Amino acid sequence: MKRVSLFIPCLVDMVLPHIGESTVTLLRHLDCESTYHSEQTCCGLMSFNSGFRKEARRLARHFIRVFENDEWIVSPSGSCVNMVKNRYLELFEDDPVWFARAQGLAPRVYELSQFIVDHLGVEDLGGTRHAKVAYHESCSTLNALGVSAQPKALIRSVRGTELVELTGADICCGFGGTFANSFADVSTALVRQKAEYFLASGADLLVMCDPGCLLNIQGYLDRHHPGRRAVHLADYLAGSIGEKTQVAT
Amino acid sequence: MNITTERFKETARQELANAHTQKFLQILPLRLAARRDSAYQSFPDPEAAHRYGQTIRDEAIQRLPELLQIFETNAIANGARVFWAEDSRAANGYIAELAKREGVSYVTKGKSMVTEELGLNEALAQAGIETWETDLGEFITQLLQRPPFHISLDSGPKRSDEIDGPEELHIVILDNGRSAAYQDPKTREALRCIRCGACLNACPVYGKVGGYPYGWAYSGPMGQVLTPALQGLGNTGDLIRACTLCHRCKIICPAGIDHPSLLLYYRYKDVVGDRALGGNGAGWRERFVHTLLSVAGSDHRLWRLFAKVARLAANRFRSGDRIHSMPNGPQGWFSSRDLPALPAKTLRERWAQIDQKRN
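So, how was this worked out
Residues numbered from 1 in each chain as written. Chains lettered and ligands numbered in written order. Predicted model: local features only at pLDDT ≥ 70, side-chain atom pairs only at ≥ 80, totals over all residues. Heavy atoms only, no water. Helix = DSSP H or I, 4+ residues; strand = E, 2+ residues; numbered from the N terminus. Expected span 1.5 Å × (residues − 1). Buried < 20%, exposed > 50% of the residue type's maximum accessible area, 1.4 Å probe, protein only. Arc of directions from axis to C-beta. Polar contact = N/O pair within 3.5 Å; in protein donor to acceptor, adjacent residues only side chain to side chain. Pairing = 2+ DSSP bridges. Axes fitted to C-alpha atoms, helices over the stretch in contact; angles between N-to-C directions. Patch = residues over 30% accessible without salt bridge, like charges linked within 9 Å, V, L, I, M, F, W, Y side chains within 5 Å. Areas by Shrake-Rupley, 256 points an atom, 1.4 Å probe, with all protein chains shown as cover. Salt bridge = Lys/Arg side-chain N within 4 Å of Asp/Glu carboxyl O. Domains from an automatic or database assignment. Contact = heavy atoms within 4.5 Å. Buried area = accessible area lost by both parts, 1.4 Å probe. Nonpolar A, V, L, I, M, F, W, Y, C, P; charged D, E, K, R; others polar. Parallel < 35°, antiparallel > 145°, perpendicular 65-115°, else oblique. Phe/Tyr/Trp six-rings, centres within 6.5 Å; stacked < 30°, edge-to-face > 60°. Lys NZ or Arg CZ within 6 Å of the ring centre and 35° of its normal. Left-handed = near helix turned anticlockwise from the far one by under 90°.

### Notes on helix H17 (residues 300-315) of chain B
Residue and element names in this part refer to chain B.
Moving on, step 1. Taking 1.5 Å of rise per residue, the 16 residues of H17 would be expected to cover 22 Å, and the 22 Å separating its terminal C-alpha atoms lies within 8% of that figure.
Moving on, step 2. For H17, the set of buried residues is His300, Trp303, Ala307, Arg311, Ala314 and Asn315. Viewed end-on, H17 has its buried residues packed into an arc of 85°, placing them on one side of the element. Opposite the buried face of H17, at more than 90 degrees from it, the exposed residues are Arg301, Leu305, Val309 and Leu312.
Moving on, step 3. Between a side-chain oxygen at the N-terminus of H17 and the backbone nitrogen of Arg301 the separation is 2.8 Å; the capping residue is Asp299.

### Quick notes on the sheet that holds strand E3 (residues 73-75) of chain A
Residue and element names in this part refer to chain A.
Moving on, step 1. Pairing is parallel across the open sheet formed by four strands, whose spatial order is E2-E1-E3-E4. The sheet is open, and its two edges are formed by strand E2 (32-35) and strand E4 (109-111), each paired on a single side. Neighbour-to-neighbour, the strand axes of this sheet turn through a mean angle of 40°, independent of strand direction.
Moving on, step 2. Alignment of strand E1 (residues 2-6) against E2, held across four bridges, turns out to be parallel.

### A word on a nonpolar patch on the surface
Moving on, step 1. Together, Met46 of chain A together with Trp284, Phe288, Val289 and Leu292 of chain B make up a nonpolar patch on the protein surface, roughly 540 Å² of accessible area in all.
Moving on, step 2. By residue number, the principal contributor to the nonpolar patch is helix H16 (residues 284-296) of chain B, which donates four residues.
Moving on, step 3. Counting through the fold element by element, Leu292 of chain B comes out in helix H16.

### Some thoughts on the domain arrangement of chain A
Residue and element names in this part refer to chain A.
Moving on, step 1. The assigned domain composition of chain A is domain 1 (2-118) and domain 2 (127-240).
Moving on, step 2. Its C-alpha centre places domain 1 at a distance of 22 Å from the equivalent point of domain 2.
Moving on, step 3. Contact with domain 1, which involves 27 residues of that partner, is made by 21 residues of domain 2.
Moving on, step 4. Its largest share of buried area at the contact with domain 2, domain 1 owes to Leu11, Leu26 and Ser113, together 22% of the area lost on that side.
Moving on, step 5. At the junction of domain 1 and domain 2, the tally comes to zero salt bridges.
Moving on, step 6. On inspection of domain 1 and its partner domain 2, the count reaches six residue pairs in polar contact (both at pLDDT 80 or more).
Moving on, step 7. If you list the elements that add at least two residues to the side of domain 1 that touches domain 2, you get helix H1 (10-14), helix H2 (17-29), helix H5 (78-91) and helix H7 (112-119).
Moving on, step 8. Broken down by class, the residue content of the side of domain 1 that touches domain 2 amounts to 12 nonpolar, 12 polar and three charged.

### Details of the pattern of salt bridges
Moving on, step 1. As enumerated under the stated definition, the model contains 24 salt bridges over all chains in all.
Moving on, step 2. With a closest N to O distance of 2.4 Å, Glu68 of chain A and Arg101 of chain A form a salt bridge. With Glu68 of chain A in the loop between helix H4 (53-67) and E3 and Arg101 of chain A in helix H6 (residues 96-105), the pair connects residues that are 33 residues apart, well separated along the chain.
Moving on, step 3. The class for Glu68 of chain A is partly exposed, based on a relative accessible area of 22%.
Moving on, step 4. Given a relative accessible area of 29%, Arg101 of chain A falls into the partly exposed group.
Moving on, step 5. A salt bridge links Asp124 of chain A to Arg159 of chain A; its shortest N-O distance comes to 3.0 Å. Pair noted here: Asp124 of chain A is in the loop between H7 and strand E5 (128-135) and Arg159 of chain A is in strand E6 (residues 159-164), with a separation of 35 residues, a long-range link.
Moving on, step 6. Each of Asp222 of chain A together with Asp321 and Arg322 of chain B takes part in salt bridges that share partners, so that together they form one network.

### Here's the deal with the packing of H7 of chain A against helix H9 (residues 149-156) of chain A
Residues and elements named next belong to chain A.
Moving on, step 1. At their nearest, the axes of H7 and H9 sit 8 Å apart, and the two run at 80° to each other. With respect to H9, the axis of H7 lies roughly perpendicular. Residue-level contacts link Ser113, Gln114, Ile116, Val117 and Asp118 of H7 to Gln150, Pro151 and Leu154 of H9.
Moving on, step 2. Classifying every residue of the contact of H7 with H9 by side-chain character gives four nonpolar, three polar and one charged.

### Regarding the environment of Thr178 of chain A
All names here are of chain A.
Moving on, step 1. Along the chain, the position of Thr178 falls in the loop between E6 and helix H10 (179-182).
Moving on, step 2. The exposure class assigned to Thr178 is partly exposed, which follows from its relative accessible area of 44%.
Moving on, step 3. The sequence separation of Thr178 and Asn49 amounts to 129 residues, and the corresponding C-alpha distance is 8.8 Å.

### Quick look at the packing of aromatic side chains
Moving on, step 1. Within this structure, the stated rule accounts for 20 aromatic pairs over all chains.
Moving on, step 2. Judged by centre distance (5.2 Å) and plane angle (35°), the ring pair of Tyr36 of chain A and Trp351 of chain B falls under tilted. On the criterion of chain membership, the pair formed by Tyr36 of chain A in the loop between E2 and helix H3 (45-49) and Trp351 of chain B in helix H19 (residues 347-358) is interchain, its members lying in two chains.
Moving on, step 3. The buried category is assigned to Tyr36 of chain A, whose relative accessible area is 10%.
Moving on, step 4. Ring geometry for Phe63 of chain A and Tyr88 of chain A: centres 6.0 Å apart, planes at 85°, overall edge-to-face. Of this pair, Phe63 of chain A sits in helix H4 while Tyr88 of chain A is found in helix H5, placing the two residues 25 residues apart along the sequence.
Moving on, step 5. Exposure remark for Phe63 of chain A: the relative accessible area of 5% places this residue in the buried category.
Moving on, step 6. For Tyr88 of chain A, a relative accessible area of 0% translates into the label buried.
Moving on, step 7. Here a set of aromatic residues connected by ring pairs shows up, and it is made of Phe7, Phe63, Phe67, Tyr88, Phe92 and Trp98 of chain A.
Moving on, step 8. Over the ring of Tyr40 of chain B we find Arg36 of chain B, and its NZ or CZ is 4.1 Å from the ring centre.

### Things to note about the packing of H5 of chain A against H6 of chain A
All names here are of chain A.
Moving on, step 1. Packing of H5 against H6 leaves a shortest axis separation of 9 Å and a crossing angle of 160°. By the angle class used here, H5 and H6 are roughly antiparallel. The crossing of H5 and H6 is left-handed. Note on element contacts: H6 touches H5 through Phe99, Ala102, Gln103 and Leu105, opposite Val84, Tyr88 and Leu89.
Moving on, step 2. In terms of residue class, the contact of H5 with H6 is made up of six nonpolar, one polar and no charged.

### Quick word on the sheet that holds strand E7 (residues 205-208) of chain A
All names here are of chain A.
Moving on, step 1. Strands sit in the order E6-E5-E7-E8 across an open sheet of four strands; the sheet is parallel. If you trace the sheet from one side to the other, it starts and ends with E6 and strand E8 (229-232), each paired once. Here the strands of the sheet are splayed against their neighbours by 35° on average, with no regard to which way each runs.
Moving on, step 2. Where E7 and E8 come together, four bridges link them in parallel fashion. Note on E8: the bridge partner recorded for Met208 is His232.
Moving on, step 3. Sitting on the sheet, helix H12 (residues 211-224) is in contact with E7 and E8, with an inclination near 165° to E8.

Written as structure tokens, this is what we have:
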């Protein structure tokens, strides 16, 4: 049994904890034992993206201290994984000691679907779920991590699930963290476009690998198209293997 | 030309409401992306060609001072006259003086972003010299008295058999902030740009607001990396933040520019009020938020407390399982989106229960 360390994004911890539970469910299903360091806090993504590097470094050092002895670190968020895997190296470019520690950690950090498909070598979880779904390519997942085939393979492997084409699947949903608030007009135009393409695809559900996109797209759907659902890949797959995760509020 | 970079948000809002712009943008990026794809397919190994192009640009920029010297020597040896212009005033002055001296009353001009950067047309007009754009697209925008919307569309008519060679060839080598940008290895990367415009067509933000909000000669992601490098951060606070960090520009760039990384660098320099780049510094509110995050995030007990306070604060405004607005909350977000009410327990607080059940 493999021991996997859960890297839970703040957004999942505080707002969408069901994604974390589904992650544990999937890993358990794949014979992996999840460990959770309760000392973990925030990887520093928001501060780094806002230009607050000193503050981000403080968070990053904490993250590295908490996780650096783990063999496999898995997170259900492409953007948080990109932060730890790639951006930490920029953050510590003038600090050889912490740069080396960040560099040592980076190869052990995986986005969830990447871990399942590339590392465990599993493309079929053996689940069943009757639905027509579309897949949204979260930018960090697709463009920064190069992860796209993995989640789609996992979706296609679910019996009864049809993965339909989504126009503009790889166009940003307009989230971008604080961008969604400070450039609300542009952000809204982008999330509206994403919602329109989703509705036009004929899919029942829009699946994605990043909780940030999910918050944005679901937030827009709730306001303008009540009843239409976006769902995180972990939740979708956990639902397909019979362990229905309750969406807690 | 007039620099209106500081009005990014305002112009973006106007363009989002402009039916013509929106119709144009619905067609343009898709059509250009299709053209680009078919052009790339003409290479036996498109990715190798891409990497090769990046290497060429990288080498050319690293050797820029030396290459410029070689260029000058060769140009002079071939009978050209070379003028080194420190800024747009010097360049425009040289060109206007030359025209006056030669008794020129009108000039024809090829499409050139660097002359947009100079504001050459305006400078010549002031000197009483009429300018004619030879590029059809540029000619139309000239008649409309608008800056170019896109940097690389349309090409002018050419009849190579009609070219008779100039009597005099004058070359102006323009600095206009480039030497300063060259000093910093980060901003130096922006100088690799070949003005192909691929990043504009890939950019989701450009795809919604078009070229005008960027407010200077260079629009889209290339403008976002070039304008601050050449103009400093003073009026580009919104420009460097008008990006979701989606990375499409970086992937598509044939010159190998890492736009997201550069924008993050500019944000950092802006927040710390960097002198060389003229950073603005951050407001107390933002400073407070990130200090709080970093202090609370360095100790999980404080973080737990922070989560509790955030939940209490946010859920005061819940209606059912949703939050539709918050009086002092993120108004931009709530202008078009809801938030879920925060769950009674964080994952951390549920862990003992999850652990027992699953493992």
